[in-house]
Amino acid sequence: MAMDYTADDFDGDAHVSPDAALRRLREGNRIYVEALDHERDLSPERIQDLFENGQRPFATVIACSDSRVVPEHIFMTGLGELFVVRVAGNVVGPVEAASAIYACKHLHTSLLLVLGHTHCGAIKAALDGEAGDVASVTGRIAEAIGAASDPYEASVLNTRAAIAELRAHPALAQLEEVGALRMAGAIYHTHCGVVDFLQMP
Ligand SMILES: [Zn+2]
């Protein structure tokens, strides 16, 4: 496997395989669904460790800004474990793609997950044909969902479109090609907390 880690930015924890990263997310979500709270190490020592040794997130997650869709909680992770990009409707434009490229290429996260969700206000706005002030989000969603009218189907199509958008970037496509990166999609069920991972082609 051709990977070019340098002494400076390589870090042990980040070197998990895509399979291992996916297992960690699945297991974290399983715990989250039954959890009553989320106790993580927020100690000054942990903050200092991450400052001195650098961050080593094991996955990158692009999720909606919806206050109910909090990847660090949904996957029961703590400081330094997930590199998260949040934007209304989990749409991917140039800024979101560049953020993902940074994490995958320079922080070496081996899994890039686009996390859509049910009952998404941005999807609803797109289905309702709203534009105006929010057009830069709803326009992208409208393009992704085409003629779909079912909100769940629209969430899935929007998530898949975001992955296709990411894949169009050579930096990410190359990492995927050599096996250093896997891109995945999932839908968070807002009513119960369960994450469904989508079958990827
Ligand atoms: Zn949303």
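Our subject is the structure that appears above.
Residues numbered from 1 in each chain as written. Predicted model: local features only at pLDDT ≥ 70, side-chain atom pairs only at ≥ 80, totals over all residues. Heavy atoms only, no water.

Enquirer: Explain the sheet that holds strand β3 (residues 111-117) residue by residue, including any values.
Expert: Pairing in this open sheet of five strands is mixed, and the strands run β2-β1-β3-β4-β5 from one edge to the other. Edge positions in the sheet fall to β2 (82-86) and β5 (195-197), since each has one partner strand and no second. Sheet twist, expressed as the average angle between the axes of neighbouring strands with direction ignored, equals 25 degrees. Relative to β2, strand β1 (residues 59-63) runs parallel, the two sharing five bridges. Looking at the pairing, I62 lines up with V85 of β2. Packed on one face of the sheet, helix α1 (residues 18-34) meets β2, β3, β4 (182-188) and β5 and runs near 35 degrees to β3. (Pairing = 2+ DSSP bridges. Helix = DSSP H or I, 4+ residues; strand = E, 2+ residues; numbered from the N terminus. Axes fitted to C-alpha atoms, helices over the stretch in contact; angles between N-to-C directions. Contact = heavy atoms within 4.5 Å.)

Enquirer: Summarise the packing of helix α6 (residues 135-145) against helix α7 (residues 151-167); cite the residues concerned and give the values.
Expert: Here α6 crosses α7 at 100 degrees, and the two axes come no closer than 8 Å. Of the possible angle classes, the one that applies to α6 and α7 is roughly perpendicular. Residues R140, I141, A144 and I145 of α6 form the contact with α7, whose participating residues are A154, L157, N158, A161 and E165. Taken together, the residues that form the contact of α6 with α7 break down as six nonpolar, one polar and two charged. (Parallel < 35°, antiparallel > 145°, perpendicular 65-115°, else oblique. Nonpolar A, V, L, I, M, F, W, Y, C, P; charged D, E, K, R; others polar.)

Enquirer: Break down the environment of S99 for me, citing the residues and quoting the values.
Expert: With respect to the helices, strands and loops of the structure, S99 is situated in helix α4 (residues 94-106). Along the chain, S99 and F83 lie 16 residues apart, while their C-alpha atoms are 9.2 Å from each other. Setting aside its immediate chain neighbours within four residues, S99 contacts F83 and V85.

Enquirer: Give a detailed account of the coordination of the zinc ion, specifying residues and quantitative values.
Expert: Octahedral six-donor coordination of a metal ideally yields angles of 90 or 180 degrees, compared with 109.5 degrees for tetrahedral four-donor coordination. The protein atoms donating to the zinc ion are C64 (SG), H117 (NE2) and C120 (SG), with metal-donor distances spanning 2.0 to 2.3 Å. Sequence spacing of the donor residues for the zinc ion, all on one chain, is C-x52-H-x2-C. Taken together, the positions of C64 in the loop between β1 and α3 (71-74) and C120 in the loop between β3 and α5 (121-127) put the pair 56 residues apart, joining distant regions of the chain. Residue classification places C64 among the buried residues on the basis of a relative accessible area of 5%. Note on C120: relative accessible area 7%, which makes it buried. (Donors = N, O, S within 2.8 Å, 3.2 Å for Na, K, Ca; no water. Buried < 20%, exposed > 50% of the residue type's maximum accessible area, 1.4 Å probe, protein only.)

Enquirer: Please provide a residue-by-residue account of the pairing of β4, values included.
Expert: Most of β4 is tucked away, with six of its seven residues classed as buried. The sheet contact formed by β3 and β4 spans seven bridges and is parallel. Along β4, the bridge assignment pairs L112 with M183. With three bridges connecting them, β4 and β5 associate as antiparallel partners. Bridged to I187 within β5 is D196.

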